[in-house]
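Here is what each chain is made of, one letter per residue.
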Amino acid sequence: MNNLQPTSNREPWIDFAKGITLLLVIIGHTVSGVLSGAIYSFHMPLFFILSGITAKLSSSAQQFSDKTQHSFRRLMFPFFLIYTIQTVVYLLRHFSNIQQDASFLPAYLKERILAGIFSSGVTISVFDTEVLYVGVIWFFPALFIGKTLFDYMHLKLTAKQFPLICLLCSIAGVVIGQYQCLPLSFDVVLAIMPLFYIGQHFNVFNVKKSPIKKFFLYALIWGIFLIITYVLGHHCLELASRRYPAYPLCFITALAGTLMVSEFSVFCCQYNFLSRPIQYIGKNSLYLLCIHTLEWDYLTKLWNISSNMYICTIIRILLDLSLFLLFMLMRSKHFKR
């Protein structure tokens, strides 16, 4: 959820939008039903659109190479780190199985390698073989490959060709994903190409002008298209599961939801004392996402203690934020040495 390269002049509303949406991600992963579907309809697309806004595209092959290397370190390192932690912890928990069954370790490592190759957010079937999910961290390779591919196409295509190819990539990704999921969620990567393009041209929406009026307007549009896509497709948009109800209307829903959150963020950033905590979360959203992922794997019992999903949601948010602030405190002390 961080930029391809850091920017010196950060837009406060973008950090606020990232922060508030990451909290919605936690909520969406905890609740179920209508609220979860409503959040899913725009929360991941929003991050891809915001990445398109903040990315400075390459103007030369050398710049493309440098930025790709930086992006790989920025996004793929946490993916490999969390993936390794998950693998090691699972093996430690099942150490007795390894001792008793000689086939356990090779079989499990084969499953994990296959899961890493496909990096899917949900369990999928590949040629009648079940491939386990990697969970939330599917986002990291998808964002890395997506931004890299988008940057490369910008470098090689003309201004007229670029939007058309992005659209064709999206159609291909959606169609392919309905029949066969590709390694590294590449079918999803293709499907989201227009989201990066929208981000690059987001200034046409002029979100800083009349944010309150436009917030209600976009909220209305989002609500209408959410209902339409759900009625037509019987689902809400969910990228990890390859659900694209009433495509491309589901992407219009995602755009309207992104604009709704953006206008709300612009308005809230007029009041620094209220918006700064959320901006801080947005600036460091990568760390909170990693904590949320690991918490999901190992600390579920700490928040899943009630039959009321809203109570569980509040506890989970407080838990994730507490761990996040503890990590940021330890990190700041480390860099002061």
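Residues numbered from 1 in each chain as written. Predicted model: local features only at pLDDT ≥ 70, side-chain atom pairs only at ≥ 80, totals over all residues. Heavy atoms only, no water.

Visitor: Would you mind going over the overall build of the protein chain in detail, with residue names and values included?
Guide: Across its full length, the protein chain holds 16 helices and 2 strands. Relative to the 2.2 N^0.38 estimate, which gives 20 Å for 337 residues, the radius of gyration of the protein chain is 20 Å and therefore close to what a compact globule would have. Along the three orthogonal principal directions, the C-alpha set of the protein chain runs to about 65 × 50 × 45 Å. Put simply, the protein chain has 337 residues, and 49% of those count as buried. The long-range share in the protein chain, meaning contacts at least 24 apart out of those at least 6 apart in sequence, stands at 73%. As displayed, the protein chain has an accessible area near 16900 Å², and 67% of this comes from carbon and sulfur atoms. When the 26 positive and 14 negative side-chain charges of the protein chain are each reduced to one mean point, those points stand 12 Å apart. (Helix = DSSP H or I, 4+ residues; strand = E, 2+ residues; numbered from the N terminus. Rg over C-alpha atoms; globule rule 2.2 N^0.38 Å. Buried < 20%, exposed > 50% of the residue type's maximum accessible area, 1.4 Å probe, protein only. Contact = heavy atoms within 4.5 Å. Areas by Shrake-Rupley, 256 points an atom, 1.4 Å probe, with all protein chains shown as cover. Lys, Arg positive; Asp, Glu negative; His and termini not counted. Charge placed at Lys NZ, Arg CZ, Asp CG, Glu CD.)

Visitor: Account for the side chain of Ser 36, with residues named and values stated.
Guide: Position of Ser 36 relative to the elements: it lies in helix H2 (residues 34–40). Since its relative accessible area comes to 11%, Ser 36 is described here as buried. Only 3.3 Å separates the side chain of Ser 36 from the backbone oxygen of Gly 28, close enough to count as a polar contact. (Polar contact = N/O pair within 3.5 Å; in protein donor to acceptor, adjacent residues only side chain to side chain.)

Visitor: I'd like a description of the nonpolar core, backed by residues and values.
Guide: Of all hydrophobic cores here, the largest spans 82 residues; its most connected members are Phe 48, Trp 138, Leu 239 and Tyr 244. With 10 residues, the single largest contributor to this core is helix H12 (residues 249–268). Not counting residues up to four positions away in its chain, the partners in contact with Phe 48 are Trp 138, Phe 139, Ala 142, Leu 143, Ile 192, Leu 195, Phe 196 and Leu 239. Counting residues in each nonpolar core, the second largest holds 5 residues, with Ile 124, Val 126, Val 131 and Cys 181 among its members. (Core = buried A, V, L, I, M, F, W, Y, C linked by side-chain atoms within 4.5 Å.)

Visitor: A description of helix H1 (residues 12–28) should follow, citing residues and the corresponding values.
Guide: Taking 1.5 Å of rise per residue, the 17 residues of H1 would be expected to cover 24 Å, and the 24 Å separating its terminal C-alpha atoms lies within 8% of that figure. The buried count for H1 comes to 14 of 17 residues, which makes it a mostly enclosed element. (Expected span 1.5 Å × (residues − 1).)

Visitor: Tell me about unusual backbone geometry, and please be specific about residues and values.
Guide: A cis geometry characterises the amide bond from Tyr 247 onward to Pro 248, with omega recorded as 5°. Residue position: Pro 248 is located in the loop between helix H11 (211–233) and H12.

Visitor: Requested: an account of the packing of aromatic side chains, with residues and values cited.
Guide: For the coordinates displayed, the defined rule picks out 26 aromatic pairs. With a centroid separation of 5.7 Å and an interplanar angle of 55°, the aromatic rings of Phe 64 and Tyr 152 are classed as tilted. In this pair, Phe 64 sits in helix H4 (residues 61–93) while Tyr 152 sits in helix H7 (residues 139–156), placing the two residues 88 residues apart along the sequence. The exposure class of Phe 64 is buried, given its relative accessible area of 16%. (Phe/Tyr/Trp six-rings, centres within 6.5 Å; stacked < 30°, edge-to-face > 60°.)

Visitor: So what's going on with the packing of helix H8 (residues 161–179) against helix H10 (residues 193–200)? Residues and values would help.
Guide: For any two helices packed against each other, one specifies the crossing angle of their axes together with the interaxial distance. Two elements in contact, H8 and H10, have axes whose closest approach is 7 Å; the angle formed by their N-to-C orientations is 145°. When H8 is examined against H10, the residues Phe 162, Pro 163, Cys 166, Leu 167, Cys 169 and Ser 170 are found in contact with a partner set consisting of Met 193, Pro 194 and Tyr 197. Partitioning the contact of H8 with H10 into residue classes produces 8 nonpolar, 1 polar and no charged. (Axes fitted to C-alpha atoms, helices over the stretch in contact; angles between N-to-C directions. Nonpolar A, V, L, I, M, F, W, Y, C, P; charged D, E, K, R; others polar.)

Visitor: Could you give an account of the packing of H4 against H7, naming the residues involved and the relevant values?
Guide: Look at H4 against H7: their axes get within 9 Å of each other, and the N-to-C directions meet at 170°. The pairing of H4 with H7 is recorded here as roughly antiparallel in orientation. Here Ala 61, Phe 64, Lys 67, Thr 68, Ser 71, Phe 72, Leu 75, Met 76, Pro 78 and Phe 79 of H4 come into contact with H7, specifically with Phe 140, Pro 141, Leu 143, Phe 144, Thr 148, Asp 151, Tyr 152 and Leu 155. Classifying every residue of the contact of H4 with H7 by side-chain character gives 13 nonpolar, 3 polar and 2 charged. (Parallel < 35°, antiparallel > 145°, perpendicular 65-115°, else oblique.)

Visitor: Could you give an account of the confidence of the model for the protein chain, naming the residues involved and the relevant values?
Guide: Mean pLDDT for the protein chain: 93, with 96% of residues reaching 70 or above. Within the protein chain, helix H9 (residues 186–191) carries the highest mean pLDDT (98), whereas helix H5 (residues 95–100) carries the lowest (87). (pLDDT = per-residue confidence, 0-100.)

Visitor: How would you explain the environment of His 234 if you had to name every residue and give the values?
Guide: Note that His 234 resides in the loop between H11 and H12. Using a relative accessible area of 56% as the deciding quantity, one classes His 234 as exposed. Each C-alpha atom of the pair His 234 and Leu 259 lies 24 Å from the other, and the pair is 25 residues apart in sequence.

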